[in-house]
Amino acid sequence: ASEDDLIGIFLEEGLEIYDAIRESLDQWREEPEELIGLTQLQQELDTLKGGARLSDVDPIANLAEVWSDALDPLISGSSNQKTLLDLSDRALAVLKSMLHSVEEGDKPESDTRLIADFQAAHEKAAEETLAPPEETEQESVDPEVLEIFLEEAGEILDQLEQLLDDWRKEPTNRSFNQEAQRAL
């Protein structure tokens, strides 16, 4: 395929991904405590990055990469959501402009300030997730309760292993599925 063909394919895919990114951002904004919008956003950015690299549209690939990287600490529990949502809104506008440049036959300009802002937010969020967590009530579990839990969990695992062995011998017998569900 010629370079123009690759750019055309990338542009078509890039515009579809732009819409999917916008939808993922909306979902993230509506349900910030859920990770589904955030993980969908990262998947779309990774796809965009790959297509942009393949088509030699490095400014878009670089933006998608730094944007996706900046979201990683959120999945690890960082509370830097507001900053990253604001940056994501800026990035969405920049991406639209970059795609428009490609559509016009021009090479898009890299937004170095936005990339630097994403890098700074990523570093801040990464430091936050590396900080030692404060002691929580979870750490003060009663040892007796823990022992009972572990004993019961072991029994359930033994039961599930036996059910799995039985199912392997008789894969058409659906009762093993029901018994496994009950055990869980």
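Model, not experiment: these values are computed from the prediction.

**Brief notes about helix α4 (residues 81-103)**
Owing to its 3.6 residues per turn, the α-helix aligns residues three or four sequence positions apart on the same side.
Part 1: The end-to-end C-alpha distance of α4 is 32 Å, a good match for the 33 Å that 23 residues give at a rise of 1.5 Å each.
Part 2: For α4, the full list of buried residues reads Leu84, Leu85, Leu87, Ser88, Ala91, Leu92, Val94, Leu95, Met98, Leu99 and Val102.
Part 3: Downstream of α4 by a residue or two, Gly105 has a phi angle that is positive, lying close to 90 degrees.

**Concerning the side chain of Ser68**
Part 1: Locating Ser68 in the fold gives a position in helix α3 (residues 58-75).
Part 2: Leave out the neighbours within four places in its chain, and Ser68 touches Gln42, Leu45 and Asp46.

**Examining the pattern of salt bridges**
Part 1: Under the counting rule described, the total for this entry stands at seven salt bridges.
Part 2: For Asp26, the salt bridge identified is with Arg29, shortest N-O distance 3.3 Å. Of this pair, Asp26 and Arg29 both sit in helix α1 (residues 3-30), three residues apart, which is roughly one turn of the helix.
Part 3: Between Glu65 and Arg53 there is a salt bridge; the shortest N-O distance is 2.7 Å. With a gap of twelve residues between them, Glu65 in helix α3 and Arg53 in helix α2 (residues 36-54) connect regions that are remote in the sequence.
Part 4: Residue class for Glu65 comes out partly exposed when judged on its relative accessible area of 32%.
Part 5: In the salt-bridge network here, residues are joined through shared partners; they are Asp26, Arg29 and Asp89.

Definitions and cut-offs
- Residues numbered from 1 in each chain as written.
- Predicted model: local features only at pLDDT ≥ 70, side-chain atom pairs only at ≥ 80, totals over all residues.
- Heavy atoms only, no water.
- Helix = DSSP H or I, 4+ residues; strand = E, 2+ residues; numbered from the N terminus.
- Expected span 1.5 Å × (residues − 1).
- Buried < 20%, exposed > 50% of the residue type's maximum accessible area, 1.4 Å probe, protein only.
- Contact = heavy atoms within 4.5 Å.
- Salt bridge = Lys/Arg side-chain N within 4 Å of Asp/Glu carboxyl O.

All quantities given are derived from atomic positions and should not be read as evidence of function.
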